[in-house]
Amino acid sequence: ASPSTLAPRVPPTTNPSLTNPPTHKRTPKDFIFGKVIGEGSFSTVYIAKDIHTSKEYAIKVCDKSHIIKQKKTEYVKREKEVLNMLADAKHSFVRLFCTFQDAERLYFVMSYAKNGELLPHINKVGSFDIECTKFYSAEILRGLEYLHGLGIIHRDLKPENILLDDKMHVLITDFGCAKILKDDPETPADADAQQQQRFRERSGSFVGTAQYVSPELLINNSVSRASDLWALGCLVYQMVAGLPPFRSRSEYVMFQKILKLEYDIPDGFCELARSFVNQLLVLEPTQRLGALDEHGAGYPSIRAHPFFEGVDFETLHEQTPPPIYPYL
Ligand SMILES: C[C@@H](Nc1nc2c(c3cc(-c4cn[nH]c4)ccc13)C(=O)N=C/C2=C\CC1CC1)C(C)(C)C
């Protein structure tokens, strides 16, 4: 006989709501909302505490009428779809724990990135030393390998979207612009109307920081996995130099610099990092380091670059991140 027929069913003696949180659908009343920690274009992210477990979460709150008015329903659906596709990832991404809604708003209960965005950590020390740059570049690369392996292109990688958890490991976030390569993940994804909508306001200028926009997006609105590799190049440059590679007060001038590959390598820029950045900041997407690697099998040619000498990619998440010291 199976064990269940042997043991009589004894009703639980403890109060379930005290030991294990209710499994019923959550409502805002299950949380104590704290301060605003991030503002998206049509969402606000709060830190919140679950009253049953006292655990801290980030709750992204979207106003339904605003989403409908701004025709962003596709975004919200796509972000939730991507977050659900990332549910099994053991590393590199903020997790979506649950969603619920009330009459006016949608709520996404996410992991709380206790150490916030990467950018302030770079600004605080001016720039990262080479050990830090290698570690954080490797953690971002691992996230991209996982994402691209699923046929997802982030499309908006920048320091604001690279978050750090309580142990200072990378959590990539903000998938509202992500592109999911459907049926044939081989063909580069042509930017859809939403992407154009995202970038072109009525004034025809770009919204948000377009410092990391790839040349192919500017020229023919096309994006592929290699667009995220371009952004990786910009991120590595910024960790070492403390500033993004393409800068200008005028957006138009900044785009001209991107299209002409006009960036300089400051004195003291580590030689291996320079070589690595130079092989990612390439105008032709298919010529970028890693662009020709087998899809879905990670980026062996990027991992093999001497810049990553000594990095053990398989155990990154178990490693203690290097302390952040100033460099340059
Ligand atoms: C990029 C994003 N900013 C942020 N999004 C999230 C944060 C987050 C945390 C801090 C922070 C923590 N401590 N100090 C600052 C600063 C910015 C954050 C978090 O903890 N957990 C999930 C998040 C987002 C998940 C959801 C987009 C899918 C924007 C600007 C779009 C709100």
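Residues numbered from 1 in each chain as written. Predicted model: local features only at pLDDT ≥ 70, side-chain atom pairs only at ≥ 80, totals over all residues. Heavy atoms only, no water.

## A word on the pairing of strand β6 (residues 105-110)
Move 1: Most of β6 is tucked away: 5 of the 6 residues are buried.
Move 2: Where strand β3 (residues 56-63) lies against β6, 6 bridges are found, and the strand directions are antiparallel. Bridging across to β6, A58 finds its partner in M110.
Move 3: Here strand β5 (residues 96-101) runs beside β6; their pairing, made up of 5 bridges, is antiparallel. Across the sheet, residue C98 finds its bridge partner in β6, namely V109.
Move 4: Between β5 and β6, which follow one another and run antiparallel, lie 3 residues. (Buried < 20%, exposed > 50% of the residue type's maximum accessible area, 1.4 Å probe, protein only. Helix = DSSP H or I, 4+ residues; strand = E, 2+ residues; numbered from the N terminus. Pairing = 2+ DSSP bridges.)

## Things to note about helix α5 (residues 118-125)
Move 1: For α5, the full list of buried residues reads L118, L119, H121, I122 and V125. Across the axial projection of α5, the buried residues extend over an arc of 165 degrees, all falling on one side.
Move 2: At the C-terminal side of α5, G126 shows a positive phi close to 90 degrees. (Arc of directions from axis to C-beta.)

## Looking at the sheet that holds strand β9 (residues 170-172)
Move 1: Taken together, 3 strands build an open sheet; the order of strands is β4-β9-β8 and the sheet is mixed. Each edge of the open sheet carries a strand with a single partner, namely β4 (92-93) and β8 (162-164).
Move 2: In this structure, β4 lies alongside β9, joined through 2 bridges in parallel fashion. From the neighbouring strand, S92 faces β9, where its bridge partner is L171.

## With respect to the sheet that holds β5
Hydrogen bonds along the backbone pair up the strands of a sheet, which may run parallel or antiparallel.
Move 1: The 5 strands are arranged β1-β2-β3-β6-β5 in an open sheet whose pairing can be described as antiparallel. At either end of the open sheet lies a strand with only one pairing partner, and these are β1 (31-39) and β5. Ignoring strand direction, the axes of neighbouring strands in this sheet form an average angle of 25 degrees.
Move 2: Strands in contact with helix α4 (residues 73-85) are β3, β5 and β6; relative to β6, the strand with the most contacts, it is inclined by about 25 degrees. (Axes fitted to C-alpha atoms, helices over the stretch in contact; angles between N-to-C directions. Contact = heavy atoms within 4.5 Å.)

## Overview of the site of the ligand
Move 1: Around the ligand there are 21 residues in total, and I37, A58, S111, A113 and T173 lie nearest to it.
Move 2: With respect to the ligand, the backbone of S111 contributes an N or O atom lying 2.9 Å from a nitrogen atom.
Move 3: For the ligand, whose unbound accessible area comes to 640 Å², protein coverage reaches 90%.
Move 4: Those elements that place two or more of their residues in the shell around the ligand are β1 and β3.
Move 5: With 3 residues, the single largest contributor to the shell around the ligand is β1.
Move 6: Partitioned by chemical class, the residues of the shell around the ligand number 8 nonpolar, 6 polar and 7 charged. (Near = heavy atom within 4 Å. Polar contact = N/O pair within 3.5 Å; in protein donor to acceptor, adjacent residues only side chain to side chain. Areas by Shrake-Rupley, 256 points an atom, 1.4 Å probe, with all protein chains shown as cover. Nonpolar A, V, L, I, M, F, W, Y, C, P; charged D, E, K, R; others polar.)

## Topic: the pairing of β3
Move 1: The buried count for β3 comes to 6 of 8 residues, which makes it a mostly enclosed element.
Move 2: Looking at chain direction, strand β2 (residues 43-50) and β3 are connected through 7 bridges and run antiparallel. Residue I47 lies in a different strand from β3, and its bridge partner there is A58.
Move 3: Remark: 5 residues form the turn of the hairpin made by β2 and β3, two consecutive strands paired antiparallel; S54 in that turn has positive phi of roughly 60 degrees.

## Here we look at the confidence of the model for the protein chain
Move 1: On average, the protein chain scores 88 in pLDDT, and the residues at 70 or more come to 84%.
Move 2: A low-confidence stretch, residues 187-191 (pLDDT under 50), is modelled with 17 contacts involving residues beyond four sequence positions or located in other chains.
Move 3: Low confidence marks residues 201-205, where pLDDT is under 50. Its contacts with residues over four positions away, or in another chain, come to 4 contacts.
Move 4: At the level of chain-chain contacts, confidence expressed as ipTM amounts to 0.97, with global pTM at 0.88. (pLDDT = per-residue confidence, 0-100.)

## Points about the nonpolar core
Move 1: Counting 79 residues, the largest nonpolar core has F175, F276 and F308 as the members making the most contacts within it.
Move 2: Broken down by element, the residue count for this core peaks at 11 residues, all from helix α9 (residues 225-241).
Move 3: With residues up to four places along the chain from it excluded, the contact list for F276 reads L232, V236, L289, I302, H305, F307 and F308.
Move 4: F31, A48, Y57 and Y107 belong to the second largest nonpolar core, which has 8 residues in total. (Core = buried A, V, L, I, M, F, W, Y, C linked by side-chain atoms within 4.5 Å.)

## Some points on the packing of α9 against helix α11 (residues 271-280)
Move 1: At their nearest, the axes of α9 and α11 sit 8 Å apart, and the two run at 155 degrees to each other. It follows from the interaxial angle that α9 and α11 lie roughly antiparallel. Relative to α11, α9 is oriented so that their crossing is left-handed. On the side of α9, the interface is formed by L229, W230, L232, G233, V236, Y237 and V240, while α11 contributes A273, F276, V277 and L280.
Move 2: Each residue belonging to the contact of α9 with α11 can be placed in one class, and the counts come to 10 nonpolar, 1 polar and no charged. (Parallel < 35°, antiparallel > 145°, perpendicular 65-115°, else oblique. Left-handed = near helix turned anticlockwise from the far one by under 90°.)

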